[in-house]
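Overview (structure and organization)
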Amino acid sequence: MIHARTNPSARQPDEEPVDILVVGGDETTASTASHLESLHDRFRPTAAVVTDSPNSEEWVADDPDCIVCTQTLLTAEREAVLSAIAKRDRHGRPVFVLTEDPESCCSGAHTGVVTEYVEPRRFRQDATVAHRIVAAVESYRTQRELARESREKEIILEILRTTSSQDEVGNSFCEFVIAERDYQGVWIGTADETGTIVPRWSAGDAVYVERLVARESGRPDQTTDPGIVAFETGTVELVSPVDPAEGGWQAAAAEDGIESAVGVPIRYDNTVFGALSVYDDGNLRRADEFVSGLAQTVGYALRSASCRESLLSTAPLAVEIKITDESVPLIGALQELSADTRLTVLTAVPHEETIRYVVETNGVSPEKVVAACRPAVDDVAVITEHPPRVELDCERPAPETVFAAHGINLVCASVTPSGIVLTVTVPTRERAQQLVTDLESRYAGVGVRSVQARERKQPASQDRLLDRLTARQQQILEFAYFNGYFERPRQNTTTEIGDKLGLSRQTIAQHLRTGERKIFAELFDPEDSEE
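Please read all numbers here as calculations on a predicted model, not as lab measurements.

What follows is about helix H19 (residues 505-524). In an α-helix, one full turn covers 3.6 residues, which means residues spaced three or four apart are oriented alike. Taking 1.5 Å as the rise per residue, H19 with 20 residues should run 28 Å; its terminal C-alpha atoms sit 28 Å apart, in good agreement. When H19 is considered as a whole, its buried residues turn out to be Ile508, Ala509, His511, Leu512, Gly515 and Glu522. Looking straight down H19, one finds its buried side chains confined to an arc of 170°; they lie on one side. Exposed side chains of H19 directed beyond 90 degrees from the buried face belong to Gln510, Arg513, Arg517 and Phe524.

As structure tokens, this is what we get:
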């Protein structure tokens, strides 16, 4: 599906203008150009007189769709123009030569590049001349497009063969788009751990794109940029023409001379995980098919590079999984809220029959989340207004119980009414596959968004600290922290935390003391903590 915003008065793709270069030897060249313009509303002729600029190659380099040589050219001048066309053209650009004696012209050295010799009288009186020009131009464009597609396929195959990392893939495809299509700008982005699209690679001269990728502070609102919209909706987003009166990204893009833009979602295995967006100072109405096809290739290449990176690394894997099944408690609870609602899971503690969550709200007030959850969730309450946090107790099963069964820790999770995106750390690809298979057996709409090596940081990094804790110790420490246990005065005691989690005060206190001791040992005496 394509969502297009276009000017109703704009010329349709099948009415694309025909640029015609009219080359003559005197001032009558302009009248010939005017006559051509009257023959067809698609014709856009430009007159060139050889006595004003004898360099024929410069005219051909302007890349007209068709060239008309008038009868006022001397034989040597005409042969020079045809020679310039022969040197440059490989795909048979249409060339019409006006002459009183077509038979004598056929003996020239470059007659092979001429489409048709036309007598001036016929040129002015025969209405079919315009139709023959249009037919020749359409044929020329088709041949040129086929040749370009063939060349681009060879380049794409070379990119796929020679790139090994995601950065190489992203940068190579952006540079390819600019080099082959001469657009103003392009960017490719992928989702971060919260499920938000992040532009990561770009190319071109568009300052707007540079600012978007650099994520500069104070930039205009770009939430409706075609690439971002394409990622969020999973559909092609075409904007032509760009209207600065709309404000936001369109105003910023228009300042940069951008007149149209198209964004396309990047998918792999039916899951949207990124976007490709291009911008130009011309009409991109016919670019959506090219960009859509390229996005499919980019999706495959990025996923392949991600797998290669993880296979070559000995580090654990960060696996990002999206589930859209509304039977997942948190997804089901948000169905009555707006599509831009987002919950960030701060901690999730499984116990016998329920899972206790602490979530931070975005795009909606904590009170609205509580009201929306109450029909399906018995125990739900606002913890704090600033930051906006809610605590809720959901019935099992849930994805977190599957993670716990596999001995896998949840790194982060983000929930919207359309699904939940979870990031977990697993030691091997085999364990990751086992986890995904188990999730697929329990829920519909399970998809892997990314698999990346999670490199270790310095010895006292967060990863190293958390590695010292058991899953239960980490869960209880997180839950206690987000429930204000470590604040002064305490917002919840060990007894109150124990009541929420269905555990005794003594058990909570023991987990907290043991967890604190392990973290402090790692911070202050790392060598002893490894013994």
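That covers the picture; the talk isn't over yet.
Here we come to the pattern of salt bridges. A complete count under the given rule lists 18 salt bridges for this structure. Close ionic contact of Arg141 with Asp65 constitutes a salt bridge, the shortest N to O distance being 2.9 Å. Here Asp65 lies in the loop between helix H2 (56-61) and strand E4 (66-69) and Arg141 lies in helix H6 (residues 128-162), a separation of 76 residues in the sequence. Side by side, Arg141 and Asp65 carry an identical accessibility label, which is buried. The salt bridge partner of Glu391 is Arg356, with a shortest N-O separation of 2.9 Å. Placement of the pair is Glu391 in strand E16 (residues 389-395) and Arg356 in strand E14 (residues 354-362), with a sequence separation of 35 residues. With respect to class, Glu391 is no different from Arg356; both count as buried. A single network of salt bridges, built from pairs that share partners, joins Arg356, Asp379, Glu391, Asp393 and Lys500.

Turning our eyes to something else, we now look at the packing of aromatic side chains. Scanning all chains against the criterion turns up five aromatic pairs. Residues Tyr481 and Phe482 carry aromatic rings whose centres are separated by 5.1 Å and whose planes lie at 75° to one another, so their mutual orientation is edge-to-face. Seen in terms of ring centroids, Tyr485 and Phe486 are 5.0 Å apart; in terms of plane orientation they differ by 85°. Their pairing is edge-to-face. Pairwise contacts between aromatic rings join Tyr208, Trp249 and Tyr279 into one cluster. Over the face of the ring belonging to Phe273 we find Arg303, whose NZ or CZ atom lies 3.6 Å from the ring centre. The positively charged end of Arg490 is found above the aromatic ring belonging to Tyr485, 4.1 Å away from the centroid.

Turning to the packing of helix H18 (residues 494-501) against H19, a few remarks are in order. H19 packs onto H18 with a crossing angle of 105° between their chain directions and a minimal axis gap of 8 Å. If you check the angle between H18 and H19, you find them roughly perpendicular. Two secondary-structure elements touch here, H18 through Thr494, Thr495, Ile497, Gly498 and Leu501 and H19 through Arg505, Ile508, Ala509 and Leu512. Looking at the contact of H18 with H19 residue by residue, the class counts come to five nonpolar, three polar and one charged.

The residue Thr99 is located in the loop between strand E5 (95-98) and helix H4 (102-105) in this model. In this structure Thr99 comes out as buried when scored by relative accessible area, which is 8%. Polar side-chain contacts of Thr99 include one of 3.1 Å to the backbone nitrogen of Asp101.

Turning next to the confidence of the model for the chain. For the chain, per-residue confidence averages 83 on the pLDDT scale, and residues scoring 70 or more make up 87% of the total. The model gives residues 5-13 a pLDDT under 50, and that stretch makes 17 contacts with residues more than four places away or in other chains. Long-range and interchain partners of residues 456-460, a stretch whose pLDDT sits below 50, account for six contacts in this model, where long-range means more than four residues apart.

Thresholds applied
Residues numbered from 1 in each chain as written. Predicted model: local features only at pLDDT ≥ 70, side-chain atom pairs only at ≥ 80, totals over all residues. Heavy atoms only, no water. Helix = DSSP H or I, 4+ residues; strand = E, 2+ residues; numbered from the N terminus. Expected span 1.5 Å × (residues − 1). Buried < 20%, exposed > 50% of the residue type's maximum accessible area, 1.4 Å probe, protein only. Arc of directions from axis to C-beta. Salt bridge = Lys/Arg side-chain N within 4 Å of Asp/Glu carboxyl O. Phe/Tyr/Trp six-rings, centres within 6.5 Å; stacked < 30°, edge-to-face > 60°. Lys NZ or Arg CZ within 6 Å of the ring centre and 35° of its normal. Axes fitted to C-alpha atoms, helices over the stretch in contact; angles between N-to-C directions. Parallel < 35°, antiparallel > 145°, perpendicular 65-115°, else oblique. Contact = heavy atoms within 4.5 Å. Nonpolar A, V, L, I, M, F, W, Y, C, P; charged D, E, K, R; others polar. Polar contact = N/O pair within 3.5 Å; in protein donor to acceptor, adjacent residues only side chain to side chain. pLDDT = per-residue confidence, 0-100.

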